[in-house]
Amino acid sequence: MITLMAAFVLVLQIAMVGQRWLVTNIRVFAAQSFLLAGIANTIAYFNHAPHLYIAAFLTFTLKAVILPVVLERLVRRIDIGQEIAPLVNVPLSLLISGGLTTVGYVVAASFHRPEEATSAANVSVTNLGHNTLAVAVSLFLIGFYMMITRRKAIMQVLALLSLENGLFLAAISLTYGMPLIVELGIFFDLLVAVMVLGILVYRIQETFDSMDVSKLSRLRG
Amino acid sequence: MSSAAVILATLVIPLAAGAASFAARNRRTMEAANLSGFAALLVCAVLLARQVLRAGSVSMWNGFLAADALSALVVLLTAFVALACSVYAVGYFREDEENRVFEADVLGAGTISSLRKYYSLTPLYVFAMLLVALANNLGVMWVAIEGTTLASVFLISFYGRATSIEAAWKYAMIGGVGLSMALFGTILTYYSAHRVLETETLAGLNWSVLVTNAAQFDQTAMKLAFILILLGYGTKAGIAPMHTWKPDAYSEAPVPVAAMLAAAVLNCALYGLIRFYVLTTKCLGPQFPSQLLIIFGLLSVGLAVPFVLVQRSFKRILAYSSIDHGGIMILGLGFGGAFGALGMMLHLTFHSFTKPLLFFCAGNVEQHLKSDLFRRAKGIIHSMPVSGPIFLMSTLAITGTPPFSMFQSEFTIFRAGFENGHWFPATLLIVFLVAIFIGFLVHVAKLVLGADPGLPRVDTSPWKKYSLIGLACVILVLGFWLPGPLFQLIRGAALVARGQ
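Residues numbered from 1 in each chain as written. Chains lettered and ligands numbered in written order. Predicted model: local features only at pLDDT ≥ 70, side-chain atom pairs only at ≥ 80, totals over all residues.

Draft legend 1. Focus on the overall build of chain A. Looking only at helices and strands, chain A features 7 helices and 0 strands. Put simply, chain A has 221 residues, and 49% of those count as buried. Counted over contacts in chain A with a minimum sequence separation of 6, partners at least 24 positions apart contribute 76%. (Helix = DSSP H or I, 4+ residues; strand = E, 2+ residues; numbered from the N terminus. Buried ≥ 20, exposed ≤ 12 C-beta atoms within 10 Å, placed from the backbone. Contact = placed C-beta atoms within 7 Å.)

Structure follows, in structure tokens:
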């Protein structure tokens with residue numbers, strides 16, 4: 001169940017890499033966050049980790065509803081060209097994402113210890129399968145890749161958010177999530193970060209008449 | 001006062017100062033709120049240091065907030081830098097106002113709202129830095145470090161020029177990616193400890209709890225965690241090759257903000273790194289983290305060399321100097337042993353006292369000439385009889401020339417390198433530092449000395465002048481005499497960094 005959902009999360013991430021339209025991209029991100037909230041709920045239910053419900057609820061409200069709405073409004077408001085124009089073409093990007101997923105599995109494999117599968121403390125990693133961790137690492141890497149190759153400022157923000165999704169998945173699959181206060185702090189930071197970056201995106205648009213961050217190249221040396 | 005009250009006061013005072021500035025309607029109130037707030041903060045920091053020296057470490061709220069010698073040192077330095085910067089800022093922004101800088105803002109934000117942005121975001125920024133040092137929980141520490149980035153983005157884009165927005169964007173994005181790596185590292189640390197501690201409470205990420213059990217942590221996870229933390233907090237500290245945001249941010253931010261980035265945020269980022277370094281050493285032994293630190297440290301110092309030699313801007317050169325010093329500090333930590341840790345802590349302390357002075361001098365020259373290019377600046381000593389000589393003096397101090405104190409700390413780090421058998425890195429470090437010394441000094445000497453270009457003599461405002469003279473006196477005194485309690489605190493911090 002969880003593995004299946006995690007697989008969908010990964011598919012959505014790769015769909016984001018292949019997507020060419022900005023608004024669709026934001027919606028894919030929302031769907032991905034929604035699934036992530038589902039995973040958190042499932043883990044909370046089966047492993048009796050009640051604080052994960054709160055994290056799941058926050059993921060849902062913040063990442064699946066509020067942030068996508070804010071970002072879409074930002075896109076409408078500055079009325080930018082809808083196409084993304086990545087630096088690397090789509091087929092090659094998809095291929096690279098595939099490669100990064102493999103890397104994710106290799107990294108996750110190093111955490112897999114069959115001999116400890118019976119020990120109680122290790123239950124999270126073995127029961128959830130290191131599949132979830134592999135997906136988390138892949139999300140992180142693909143998010144990283146998107147940040148590098150996307151030129152539109154708002155797409156970089158989105159890439160950063162999906163990278164953060166990977167971290168959340170890693171946290172819940174490795175340890176049933178971080179302690180609640182830390183989780184709350186991270187969500188708070190995320191919210192502020194998107195607001196700050198949103199304002200900055202708006203000002204980039206105002207100042208440069210474009211969202212192409214490759215135009216931000218006047219400072220050198 | 002009880003220790004809990006001191007810790008709380010340390011955190012509440014900057015918040016109160018920020019709120020007061022936000023509510024204020026004129027410049028004078030904002031300046032007063034910041035100055036009095038940071039002065040009170042420095043008093044609290046000294047009290048905290050005294051209590052830590054007496055008791056070893058203090059904590060409150062079940063160890064949610066805690067201070068040992070290392071935290072107390074970072075808090076003390078942060079408070080000092082914040083006060084120095086706020087004194088300088090008064091003169092700096094008044095001059096900006098006279099030069100009608102704020103009215104040129106593209107968005108036309110207006111003088112008062114620009115000033116409000118500075119005077120209310122800066123205390124928030126300082127609060128985040130203090131929380132970094134006082135939070136015992138590594139997750140909360142991460143949140144606070146991210147908080148320092150978020151609070152300072154708009155301070156970097158303060159002037160609203162195209163270039164400052166570019167700098168702020170790079171700062172936010174590179175910082176964001178770096179910190180997400182650090183968060184991954186924190187999650188992995190939690191995971192590797194999770195199986196030993198078997199708790200899911202908040203205490204499972206408390207450093208004071210982790211450090212006693214670190215020997216049994218999962219080694220693979222801890223290894224990966226340390227790499228991610230080094231990359232993540234290294235980005236925040238501006239260690240090469242993750243330093244690219246630094247020159248842009250330093251040259252575009254208002255001078256007090258840049259000075260705080262260079263002298264205080266650097267400490268906080270390294271503080272985070274040290275906490276994880278201790279855990280990693282306990283788990284994996286010193287070999288693995290030391291090697292990484294030495295590689296990244298040498299890379300930072302080495303990378304600074306060419307950029308210092310051919311630098312055109314006297315503000316960007318300070319950024320490369322800061323990359324260089326960040327590198328020296330982690331080299332000290334990497335060399336290890338009693339002298340390595342002590343050298344690092346001494347260097348951290350002296351750097352925090354010296355760096356703001358350089359920024360203030362550069363800021364004065366820039367405001368005078370309306371340019372930050374070396375080729376426009378010649379013979380400054382004739383028109384700026386205070387800033388000119390102090391610029392030269394602080395350059396000598398920052399490049400580690402005796403009798404200034406940074407010579408002692410660098411010497412301690414060299415000694416640690418040779419003593420612990422790191423011959424090659426230590427020799428290379430000396431070569432790099434000599435090159436940086438020559439490059440930096442030639443640039444600044446040309447700027448300060450030389451024929452009189454006939455510029456009008458400026459009497460820098462009393463706020464700017466006295467913050468300069470005051471700091472210069474501190475540096476001169478530190479060259480010959482390190483107060484006993486401060487040295488005790490530094491030694492305590494070095495012991496913490498060695499995991500004792």
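Draft legend 2. The interface of chain B and chain A, seen in detail. The partner chain A presents 37 residues to the 41 residues of chain B that form the contact. Those elements that provide at least two residues to the side of chain B that touches chain A are α5 (138–156), α6 (162–197) and α8 (219–237) of chain B. Per-class residue counts for the side of chain B that touches chain A are 22 nonpolar, 11 polar and 8 charged. (Nonpolar A, V, L, I, M, F, W, Y, C, P; charged D, E, K, R; others polar.)

Draft legend 3. Structural view of helix α2 (residues 22–46) of chain A. In this model α2 of chain A runs 37 Å from its N-terminal to its C-terminal C-alpha over 25 residues, within 8% of the 36 Å that 1.5 Å per residue would give. Where α2 of chain A ends, the next residue or the one after it, His 48 of chain A, has phi of about 50 degrees, a positive value. (Expected span 1.5 Å × (residues − 1).)

Draft legend 4. Representation of the packing of α5 of chain B against α6 of chain B. Residue and element names in this part refer to chain B. Packing of α5 against α6 brings their axes to within 9 Å, and their N-to-C directions diverge by 175 degrees. By the angle class used here, α5 and α6 are roughly antiparallel. From α5, Leu 138, Gly 139, Trp 142, Ile 145, Glu 146, Thr 149, Val 153 and Ile 156 reach across to α6, where they touch Ser 164, Ala 167, Ala 168, Tyr 171, Ala 172, Gly 175, Leu 179, Ala 182, Leu 183, Thr 186 and Thr 189. Looking at the contact of α5 with α6, its residues break down into 12 nonpolar, 6 polar and 1 charged. (Axes fitted to C-alpha atoms, helices over the stretch in contact; angles between N-to-C directions. Parallel < 35°, antiparallel > 145°, perpendicular 65-115°, else oblique.)

Draft legend 5. Main features of the confidence of the model for chain B. When pLDDT is averaged along chain B, the result is 88, and 97% of the positions lie at 70 or above. Reported confidences for the modelled complex are a pTM of 0.90 and an ipTM of 0.86. (pLDDT = per-residue confidence, 0-100.)

Draft legend 6. Spatial organisation of the nonpolar core. Grouped together as the largest cluster of nonpolar side chains are 276 residues, with contacts concentrated most on Leu 169 of chain A together with Leu 73, Val 132, Ile 187, Met 345 and Ala 497 of chain B. The element that contributes the greatest number of residues to this core is helix α10 (residues 255–284) of chain B, accounting for 22 residues. Leaving out residues up to four positions away in the same chain, Leu 73 of chain B has contacts with Met 345, Thr 349, Leu 489, Ile 490 and Ala 493 of chain B. (Core = buried A, V, L, I, M, F, W, Y, C linked by C-beta atoms within 7 Å.)

Draft legend 7. Here's a closer look at the confidence of the model for chain A. Residue and element names in this part refer to chain A. Counting all residues, the mean pLDDT for chain A is 78, and 86% of those residues have values of 70 or more. The least confident element of chain A is helix α5 (residues 123–149), whose mean pLDDT is 74; the most confident is α2, at 84. Below pLDDT 50 for its whole length, residues 114–126 participates in 13 contacts with residues either more than four positions away or in separate chains.

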